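Chain by chain, the residues run as shown.
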Amino acid sequence: QVQLVESGGGLVQTGGSLRLSCAASGRFLTVNSMGWYRQAPGKQRELVATITSSHRTDYTGLLKGRFTISRDNAKNTVYLQMNSLIPEDTAVYYCNAGALLSTGRVVDSWGQGTQVTVSS
C-alpha cells in the first residue's frame, strides 16, 4: 500500500545538525499529512512535528524551535532539519504519513525508523 523509508540519521556531536528525509512510495493518490515522531529507550513515542500538503506545520513546543519540518509534494517526501542538537534528542525517529488510496480510504503508515545519536 504505502511504504515510508527514512534516511539521514546518524551520529552527531552536541550542537551539530542533521537532516532527516522520508520518502513515500506505493499505490496511493496523495499524501496529506506527514510527520516525524521519536522514541527514546524506555520512553513513549512522541510527536516531533507534522506538516500538511498545504504546508501547515505543527511543532512540539519542547523542541524550542530547533527543528524545522518541510516537504516536497512532488516527491512525496518530508524532511526534518535538526539544529543545535543535544544528547536528549537521541532517539529513533519515525516518519508517519496519511495517504489517500484509490478506493477513497486514508491509511496511516509508519516508517521503520532511523537512529539519531547525539554525543556529548
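All residue numbers refer to position in the chain's written sequence, counted from 1. Only residues with pLDDT of at least 70 get local features here, since the model is predicted, and only at 80 or more are side-chain atom pairs given and counted; chain-wide, interface and lining totals rely on the full set of residues. As a convention, hydrogens and water are excluded, and side-chain values are obtained from all of the structure's heavy atoms.

(A) Layout of the nonpolar core. The biggest cluster of nonpolar side chains holds 31 residues, and the ones touching the most others in it are Trp36, Leu80, Met82 and Tyr93. Starting at the N terminus, helices and strands are each numbered in turn, a helix being any DSSP run of H or I of at least four residues and a strand any DSSP run of E of at least two. For this core, the elements supplying multiple residues, two or more each, are β1 (2-7), β3 (18-26), β4 (30-39), β5 (46-51), β7 (67-72), β8 (77-82), β9 (91-100) and β11 (114-119). Per element, the largest residue contribution to this core is five residues, and it comes from β9. Whether two residues are in contact is decided by their heavy atoms: any pair within 4.5 Å suffices. With sequence-adjacent residues up to four places away left out, methionine 82 is seen in contact with Gly16, Ser17, Leu18, Leu20, Arg66, Phe67, Tyr93 and Val116. By nonpolar core is meant a set of buried Ala, Val, Leu, Ile, Met, Phe, Trp, Tyr and Cys residues that side-chain atoms within 4.5 Å join together. A 1.4 Å probe rolled over the protein chains alone gives each residue an accessible area, and that area as a share of the maximum for its type sets the label: buried under 20%, exposed over 50%, partly exposed in between.

(B) Structural context of the sheet that holds β1. Paired strands, in this sense, are two strands between which DSSP finds at least two bridges. One open sheet accounts for four strands, arranged β1-β3-β8-β7; its pairing is antiparallel. Of all strands in the sheet, those with a lone pairing partner are β1 and β7, marking the two edges. Taking the axes of each pair of neighbouring strands and ignoring which way they run, one obtains an average angle of 15° across the sheet. For β3 and β8, the ladder comprises six bridges, and the chain directions are antiparallel. For alanine 23, the partnering residue across the bridge sits in β8 and is threonine 77. To get an axis, a line is fitted to the C-alpha atoms, and for a helix only the part in contact is used. The angle between two axes follows their N-to-C directions and goes from 0 to 180 degrees.

(C) Inspection of the pattern of salt bridges at higher detail. Any carboxyl oxygen of Asp or Glu within 4 Å of a side-chain nitrogen of Lys or Arg constitutes a salt bridge here. Applying the stated rule across the entire model yields three salt bridges. Here glutamate 46 makes a salt bridge to arginine 38, at a shortest N to O gap of 2.7 Å. Residue arginine 38 is classed as buried on the basis of its relative accessible area, which comes to 9%. Where salt bridges share partners, they join Arg38, Glu46, Arg66 and Asp89 into one cluster.

(D) Expanded view of the pairing of strand β10 (residues 106-110). Of the two faces of β10, the one holding Val107 and Ser109 is buried and the one holding Val106, Asp108 and Trp110 is not buried anywhere. Alignment of β9 against β10, held across five bridges, turns out to be antiparallel. By the bridge assignment, leucine 100 is partnered in β10 with valine 106. Hairpin connection between β9 and β10: a loop of five residues separates the two successive antiparallel strands, and glycine 104 in this loop has a positive phi of roughly 95°.

(E) Quick peek at the packing of aromatic side chains. By convention, a stacked pair of Phe, Tyr or Trp rings (six-membered ring in the case of Trp) has centres within 6.5 Å and planes under 30 degrees apart, an edge-to-face pair has planes over 60 apart, and any other such pair is tilted. Taken as a whole, this structure holds one aromatic pair when the rule is applied. Throughout this description, the term charge over a ring refers to an Arg CZ or Lys NZ atom that lies within 6 Å of the ring centre and within 35 degrees of the ring normal. Of note, arginine 45 hangs over the ring of tyrosine 94, and the distance from its end group to the ring centre comes to 3.7 Å. If you follow arginine 45 out to its NZ or CZ, it ends over the ring of tryptophan 110, 4.8 Å from the centre.

(F) Geometry of the side chain of asparagine 76. Structurally, asparagine 76 is set in the loop between β7 and β8. Excluding its chain neighbours within four sequence positions, the residues that come into contact with asparagine 76 are Cys22, Ala23, Ala24, Phe28, Val31 and Met34.

Distances and angles like these do not, on their own, reveal function.
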